[in-house]
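Here is how the chains run, residue by residue.
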Amino acid sequence: MTPKNTRRAFTTCLLLAGLSISGAALALDAPKERAILTVTGKIAEKNAGDKARFDMKMIEALPQHSFTTSTPWFDKPVKFTGPLLADVLAAVKASGSQISAVAINDYKISIPVEDTTQYKVVVARLIDDKAIPVREKGPLFVVYNFDSATELRTSIYYERSIWQLKALDVQ
């Protein structure tokens, strides 16, 4: 083997080793704090039996997105920050077409997975850069950027914006 081929083989081995290590790092770790979100159903990545559970630090570790929008629940536009619902679904390798979202008070609403690719749907953990207390619709709030498209300013999408989110079931 020539020195050039040896270097190439060594570099290839390092690259493959790095990829397998990073793949393992992408596995969904178990929550270290109190779980605030449970995802069930058609998911491939689990960390608690047949479920995926997230604590707030796990939600914070996902890519964060922000937008400011008007809503029917606040008297002025507010800034929402959190991961995209699409990123939460990707973290658990979801494969369904519908999401049943459940709030702390057991309110349920169905959200088409298609919404997560068509619109910027955020699982907000912050409103105006502050954590959302349970009494004020927290700690998690699924919200659409209503000001981004006129079709979003209807009761269909307002109802899909579930606050006090505690669970997602992918169907």
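Quick caveat: nothing in here was measured; it's all calculated off a predicted structure. (Residues numbered from 1 in each chain as written. Predicted model: local features only at pLDDT ≥ 70, side-chain atom pairs only at ≥ 80, totals over all residues. Heavy atoms only, no water.)

Looking at the overall build of the protein chain
When you go through the protein chain residue by residue, the secondary structure sums to 5 helices and 11 strands. Within the protein chain, buried positions represent 41% of all 171 residues. Partitioning the intrachain contacts of the protein chain with sequence separation of at least 6 by distance along the chain shows that 59% fall at a separation of at least 24. Counting every atom, the protein chain has about 9500 Å² of accessible surface; 56% of that belongs to carbon and sulfur. (Helix = DSSP H or I, 4+ residues; strand = E, 2+ residues; numbered from the N terminus. Buried < 20%, exposed > 50% of the residue type's maximum accessible area, 1.4 Å probe, protein only. Contact = heavy atoms within 4.5 Å. Areas by Shrake-Rupley, 256 points an atom, 1.4 Å probe, with all protein chains shown as cover.)

Description of the pairing of strand β11 (residues 165-170)
On a regular strand, each side chain points to the face opposite its neighbour's, so the side chains alternate between the two faces of the sheet. Pairing of strand β1 (residues 37-41) with β11, which is carried by 4 bridges, proceeds in the parallel orientation. Following the sheet pairing, T40 is matched in β11 by D169. Where strand β5 (residues 98-103) lies against β11, 5 bridges are found, and the strand directions are antiparallel. Residue S100 lies in a different strand from β11, and its bridge partner there is D169. (Pairing = 2+ DSSP bridges.)

Things to note about the sheet that holds strand β8 (residues 126-127)
Taken in spatial order, the 4 strands line up as β3-β4-β8-β9 in an open sheet, and their pairing is antiparallel. The two strands at the open ends of the sheet, each matched to only one other strand, are β3 (65-69) and β9 (130-131). The sheet contact formed by β8 and β9 spans 2 bridges and is antiparallel. Bridge assignment links I127 to a residue of β9, and that residue is K130.

Let's talk about the side chain of S100
Following the sequence through the fold, S100 ends up in strand β5. Residue contacts for S100: discarding those within four places in its chain leaves I109, A167, L168, D169 and Q171.

Concerning the nonpolar core
Of all hydrophobic cores here, the largest spans 45 residues; its most connected members are L37, V39, F54, L165 and L168. Looking at which element gives the most residues to this core, the answer is helix α3 (residues 85-91), with 4 residues. Beyond its immediate sequence surroundings of up to four residues, L37 is in contact with A52, R53, F54, I59, V88, L140, L165, K166, A167 and L168. (Core = buried A, V, L, I, M, F, W, Y, C linked by side-chain atoms within 4.5 Å.)

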